[in-house]
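Structural features, examined
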Amino acid sequence: MNPHLSPPTVLRPQIVIDGVGQVFHTAGHAMVALQDIDLVIPQGQFVCLLGPSGCGKSTLLNAVAGFVAPTTGTITAGGQPVTGPGPGRGMVFQEYALFPWMTVADNIGFGLRVQRLPAAAVAARVEALLAMLSLSDFRHRYPKELSGGMRQRVAIARVLALDAPILLMDEPFGALDALTRRNLQDELLRLWGTLNQTIVFVTHSIEEALYLADRIVVMTYRPGTVKCDLAVDLARPRDPSAIAFNTLKRELGLLLMEEQQRYHHDELRLAGID
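Residues numbered from 1 in each chain as written. Predicted model: local features only at pLDDT ≥ 70, side-chain atom pairs only at ≥ 80, totals over all residues. Heavy atoms only, no water.

Comments concerning the nonpolar core
Ranked by internal contacts, the top residues of the largest apolar core, which has 53 residues, are F46, I108, F201 and I216. Among the elements that line this core, the one with the most residues is helix α4 (residues 148-160), at seven residues. The contacts of F201, once residues within four sequence positions are left out, are F46, V47, C48, L49, M169, P172, F173, L188, E208 and L212. One finds V20, C55, V64 and I166 within the second-largest nonpolar core, a separate group that totals 25 residues. (Core = buried A, V, L, I, M, F, W, Y, C linked by side-chain atoms within 4.5 Å. Buried < 20%, exposed > 50% of the residue type's maximum accessible area, 1.4 Å probe, protein only. Helix = DSSP H or I, 4+ residues; strand = E, 2+ residues; numbered from the N terminus. Contact = heavy atoms within 4.5 Å.)

As structure tokens, this is what we get:
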């Protein structure tokens, strides 16, 4: 695999990340989290950000979401500068962030009610999403009455309700068991194929990235830069036991191992052991 492999030619950019850097200042020290990130993501593409802990993948996702302002560089989404959170970008977190006092249906419709849409329009949209995510039988349940996988379905439905063209996901399946994770991965791919959203998905799992993505951006350990930009040319549905799948998995594993070793050396140095 060529570490400098370029992504497919972009015709309609949905997200443009140009020279982005991020520096955090803590206890009088400057920590460079991101450095010179350049990415162009076309409309409808499924991109995974892959890397070890400390590589800045969640920081980059938060910058695209508008939760943090980059120290250097610019980000545009849908042709507009990102200066803060906006309705065109929906965010799904690993933590479900549901309102515990609201039912499933009320959680899904919350953002629509905030937008002061007519009650009939809210009800119709909620009904459609309950059906789309197999939640109809749970409409009157509260989050505490649901499994982790069901709660994450509700969290995804709540974001989809806003009909944002860009979906940002920060390790949304990381806390789930393997079977539930695979079921939700398949559900996400089905929804993506139906809704044609642009998805940027953060993960530390090589297999998850290969199973889901059109394109995998491997990031280096701090400061986070683009180590490899790989177009995943595997037909869907993908078979994790296939030779081609595992060949890419091994090659990506070697790239990540290099960065993991840098992480461990840095930890030893900070501990005064190196």
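Notes on the packing of aromatic side chains
Tallying each qualifying case throughout the model produces six aromatic pairs. Ring plane angle 55° and centroid distance 5.8 Å describe the contact between F173 and F201, whose orientation is recorded as tilted. You can see F173 sitting in the loop between β7 (166-170) and α5 (178-195) and its partner F201 sitting in strand β8 (residues 198-203), a full 28 residues away along the chain. For the residue pair F173 and F201, the accessibility class agrees, reading buried in each case. Within the aromatic cluster, the residues linked to one another by ring pairs are F46, F173, W192 and F201. The positively charged end of R182 is found above the aromatic ring belonging to Y211, 4.0 Å away from the centroid. (Phe/Tyr/Trp six-rings, centres within 6.5 Å; stacked < 30°, edge-to-face > 60°. Lys NZ or Arg CZ within 6 Å of the ring centre and 35° of its normal.)

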